[in-house]
Amino acid sequence: MTRRDPGPATPLARPARLRPGSRVAVVAPSGPVPADRLEEGLAVLRGWGLEPVVGPHVRSTHPELDYLAGTDADRAADLQAAWCDPSVEAVLCARGGFGAHRMVDLVDWAAIRAAGPKAFVGYSDITVLHEAFALRAGFATLHGPMVATETFLKDVPTREHLRATLFEPEAVRTLGLASAGALVPGRAEGILYGGCVSLLAADTGTPGGRSHARGNLLVIEDTGEEPYRLDGILTRLLRSGALAGVAGVACGSWQECGPYEKIRAVLADRLGPLGIPVVEELGFGHGTTALTIPLGLPAVLDAPADGGRCTLTVEVPALL
């Protein structure tokens, strides 16, 4: 298995922006997709002027493991076929769940690399694929809302931020909701990576996993992890060396992870000793509003000590 050694971190290849009439593929690399939500999400994409095509197994369920959208080989084949189809300009995930770890090594990453960069959107379990696109193909991706998820369907700011990122990326280079605050003040620069922190920890030590974070800015969030479990996840990343050299950390939402003051205490205890800027509640992940975060691109994290606005500013538009 080949992978792209991460670093010191360098910017990754950017895909082209979308335009009215662009053909986009919807795939399900993880869990099964509710039919009603899928249809509602496809209608939104059509309303943007896009032409969505659905992967052959998006509506499938594994015959024995009903938490998977078809077999591992099926899900890998859908992703690869969509990426290698020259008529497809972007690949959007329908939902997360569980299963990306099971199929990621079945993808022909040399073929993906040869096909070139495309806009790829997802979060949660899709974190595994963001890391694979970065380390095995060298492509920038988008940590953003998925087509058949409630946040995408119900929250207008979430939906509009993704639309702007895909069509007008220069208009959304500075990110951060009003909730963002400085857990550890400071300013840092680096190449963005990250996603769902439990998935990053699960990737540690695997053949395609990241060995360090020199020159990187880390973005993390999660859902359903109690404070002690988050402590263990961060401790694993620290002990493994996977966070070695990280320049700064931006934290998103911690939905159903327990009282936030306890989560905040864990973040301060585990990340504070690194002596780097840490921003909390930036506004991405499993929360009510989820900003789209470009991964693989240079950015600046600002966490003013005087209580000023905390921001993450991407130095170049996410798409060409």
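Rules used throughout
Residues numbered from 1 in each chain as written. Predicted model: local features only at pLDDT ≥ 70, side-chain atom pairs only at ≥ 80, totals over all residues. Heavy atoms only, no water. pLDDT = per-residue confidence, 0-100. Contact = heavy atoms within 4.5 Å. Helix = DSSP H or I, 4+ residues; strand = E, 2+ residues; numbered from the N terminus. Domains from an automatic or database assignment. Buried area = accessible area lost by both parts, 1.4 Å probe. Salt bridge = Lys/Arg side-chain N within 4 Å of Asp/Glu carboxyl O. Nonpolar A, V, L, I, M, F, W, Y, C, P; charged D, E, K, R; others polar. 1 Å grid on protein atoms, 1.4 Å probe; cavity = no way out; pocket = protein on both sides within 12 Å on 5 of 7 lines; lining within 4 Å. Points joined across faces, edges and corners; volume = space filled by probe spheres on them. UniProt positions renumbered as here; feature names shortened; annotations may be inferred. Buried < 20%, exposed > 50% of the residue type's maximum accessible area, 1.4 Å probe, protein only. Pairing = 2+ DSSP bridges.

Draft legend 1. Structural view of the confidence of the model for the protein chain. Per-residue pLDDT for the protein chain has a mean of 95; in total, 98% of the residues score no lower than 70. Note on residues 1-6: pLDDT is under 50 here. Beyond four places in sequence and across chains, it has 25 contacts.

Draft legend 2. Quick peek at the side chain of E280. In this fold, E280 is placed in strand 11 (residues 278-280). Look past the residues within four positions of E280 in its chain and what remains in contact with it is S179, A180, G181, L183, C251, Y260 and R264.

Draft legend 3. Expanded view of the domain arrangement of the protein chain. Once the domains are mapped, the protein chain shows domain 1 (23-171) and domain 2 (174-314). The interface is formed by 24 residues belonging to domain 1 together with 26 residues belonging to domain 2. Taking both sides of the interface into account, the surface hidden between domain 1 and domain 2 amounts to around 2000 Å²; carbon and sulfur atoms contribute 58%. Of all residues in domain 1, E131, H143 and H161 bury the most surface against domain 2, accounting for 31% of the area lost on that side. At the boundary of domain 1 with domain 2, the tally comes to one salt bridge. Between E131 and R210 there is a salt bridge whose closest N-O contact spans 2.7 Å. Elements with a contribution of two residues or more to the side of domain 1 that touches domain 2: helix 5 (127-137), strand 5 (141-143) and helix 7 (156-167). In terms of residue count, the dominant contributor to the side of domain 1 that touches domain 2 is helix 5 (seven residues). Split into classes, the residues belonging to the side of domain 1 that touches domain 2 amount to nine nonpolar, eleven polar and four charged.

Draft legend 4. Structural context of empty space enclosed by the protein. For the structure on display, the rule yields six cavities of 30 Å³ or more. Volume-wise, the second largest cavity comes out at about 90 Å³. Residue lining of the second largest cavity: E131, Y193, L200, D203, T204, R210, L218, L237, A242 and L243, and that is the complete set. Of the residues contributing to the lining of the second largest cavity, the split by class is six nonpolar, one polar and three charged.

Draft legend 5. Region of interest: the UniProt feature "active site" (unreviewed entry) in the protein chain. If you check UniProt for "active site" (unreviewed entry), the listed places come out as S124, E221 and H286 in our numbering. For the annotated residues, spread through 163 residues, the largest C-alpha to C-alpha distance comes to 8.5 Å, consistent with a single compact locus. Of the residues annotated just before, the largest pocket has S124 and H286 among its lining. Here E221 shows up in strand 9 (residues 216-223). With near-sequence residues (within four places) excluded, E221 lies in contact with Y123, S124, H143, G195, C196, V197, G252, S253, W254, F284, G285 and H286. Along the polypeptide, H286 turns up in the loop between strand 11 and strand 12 (293-295). Accessibility expressed as a relative area gives 11% for H286, which makes it buried. Beyond its immediate chain neighbours, meaning those up to four positions away, H286 contacts Y123, S124, C196, E221, D222, T223, S253 and Q255.

Draft legend 6. Structural context of the sheet that holds strand 13 (residues 298-303). If you walk across this open sheet you meet the eight strands as 6-14-13-8-9-10-11-7, and the pairing is mixed. If you trace the sheet from one side to the other, it starts and ends with strand 6 (174-175) and strand 7 (181-184), each paired once. Bridge count for strand 6 against strand 14 (residues 311-314) is two bridges, and the pairing is antiparallel. Within strand 14, the residue paired with L175 across the bridge is L312.

Draft legend 7. Structural view of the pattern of salt bridges. Scanning the entire structure with this criterion turns up 18 salt bridges. With its nearest N and O atoms 2.9 Å apart, the salt bridge here joins E39 to R59. Highlighted residues: E39 in helix 1 (residues 35-47) and R59 in the loop between strand 2 (51-54) and helix 2 (72-84), separated in sequence by 20 residues. A salt bridge links D105 to R136; the shortest N-O distance between them is 3.0 Å. Remark: R136 occurs in helix 5 and D105 occurs in the loop between helix 3 (100-103) and helix 4 (109-115); sequence separation between them is 31 residues.

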